[in-house]
Structures are given as C-alpha cells and as structure tokens.
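Observations on the model geometry
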Amino acid sequence: MDAARELRELRRIERWLTVNDPELAAMLSAHGAEPRTANRRGTRLAVDVLGAACVIIGALTGLFVLVFTGVLVLMAGACLHTMCRRRGRG
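Residues numbered from 1 in each chain as written. Predicted model: local features only at pLDDT ≥ 70, side-chain atom pairs only at ≥ 80, totals over all residues. Heavy atoms only, no water.

Here we look at the overall build of the protein
- Of the regular secondary structure elements, the protein holds four helices and zero strands.
- Each helix and strand of the protein, ordered N terminal to C terminal, gives the series α-α-α-α.
- Split into buried and exposed, the 90 residues of the protein put 13% on the buried side. (Helix = DSSP H or I, 4+ residues; strand = E, 2+ residues; numbered from the N terminus. Buried < 20%, exposed > 50% of the residue type's maximum accessible area, 1.4 Å probe, protein only.)

Structure below.
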C-alpha cells in the first residue's frame, strides 16, 4: 500500500467514525489523553504492600507458595513502576 492510499483510507475511517460514534471520535481526536487509572501511585503502593506482605507472611509460616506469590506480585509492581517512569509520570 502506498502512503496516499493509506491516508485516504484513514480519512474514510475518521469520517465513518464521526458519523457513527461522535463521542468516541471527539475523544480520539483530543490532544490530551486521560490519565490511566490502572497505574496510579495508590495502585502501585497497594501492589507493593501486598507483595511484601505475602513474602513476609510466607517466610514466617514456611509456605513456599505464599512466598512465590509475593515475589510474582512484587515483579508486577516493578513493571508498574517501570512503565510509570517511562511515560514521565512519577
């Protein structure tokens, strides 16, 4: 596909979307995007606390499954922190 044909196709899709779902079209064409709620500071903190609690409780009780689950949750928290810093929001 050449660039001109792709551009025409994109414009056709934009016109169709504007007619069929004007709210979505307005939201997509807005300059600033809404902040995502899945990676807010409170969510990251809750994931970190949950992971640390699982590791500590698992270590105290000797339950490897709980320690393993806590480590997985902490890794997910690390991913959330990394993605937040990559977007420039800390």
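Some thoughts on the environment of Gly-58
- Within the secondary structure, Gly-58 sits in helix 3 (residues 41-61).
- Classification of Gly-58 as buried rests on a relative accessible area of 1%.
- Sequence spacing of Gly-58 and Phe-68 is 10 residues, and the spatial spacing of their C-alpha atoms is 8.4 Å.
- Not counting residues within four places of it along the chain, the set of residues in contact with Gly-58 comprises Leu-63, Leu-66 and Val-67. (Contact = heavy atoms within 4.5 Å.)

Quick notes on the confidence of the model for the protein
- Of all residues in the protein, 83% have pLDDT values of 70 or greater, and the mean over the chain is 84.
- Ranking the helices and strands of the protein by mean pLDDT puts helix 3 first, with 94, and helix 2 (residues 22-29) last, with 80. (pLDDT = per-residue confidence, 0-100.)

Some points on the environment of Val-65
- The residue Val-65 is located in helix 4 (residues 64-86) in this model.
- What makes Val-65 exposed here is its relative accessible area of 63%.
- For Val-65 and Val-55, which are 10 residues apart along the polypeptide, the C-alpha to C-alpha distance reads 9.5 Å.

Things to note about the packing of helix 1 (residues 3-20) against helix 2
- The N-to-C vectors of helix 1 and helix 2 enclose an angle of 130 degrees; their axes lie 5 Å apart at closest approach. Here helix 2 runs oblique to helix 1, going by the angle between their axes. Contacts from Leu-17, Thr-18, Val-19 and Asn-20 of helix 1 reach helix 2 at Pro-22, Leu-24, Ala-25 and Leu-28.
- Considered class by class, the residues forming the contact of helix 1 with helix 2 number six nonpolar, two polar and no charged. (Axes fitted to C-alpha atoms, helices over the stretch in contact; angles between N-to-C directions. Parallel < 35°, antiparallel > 145°, perpendicular 65-115°, else oblique. Nonpolar A, V, L, I, M, F, W, Y, C, P; charged D, E, K, R; others polar.)

A few points about a nonpolar patch on the surface
- Taken together, the side chains of Phe-64, Phe-68, Val-71, Leu-72 and Met-75 present a nonpolar region at the surface, about 510 Å² in accessible area.
- Among the residues examined, Phe-64 registers a relative accessible area of 62% and is labelled exposed. (Patch = residues over 30% accessible without salt bridge, like charges linked within 9 Å, V, L, I, M, F, W, Y side chains within 5 Å. Areas by Shrake-Rupley, 256 points an atom, 1.4 Å probe, with all protein chains shown as cover. Salt bridge = Lys/Arg side-chain N within 4 Å of Asp/Glu carboxyl O.)

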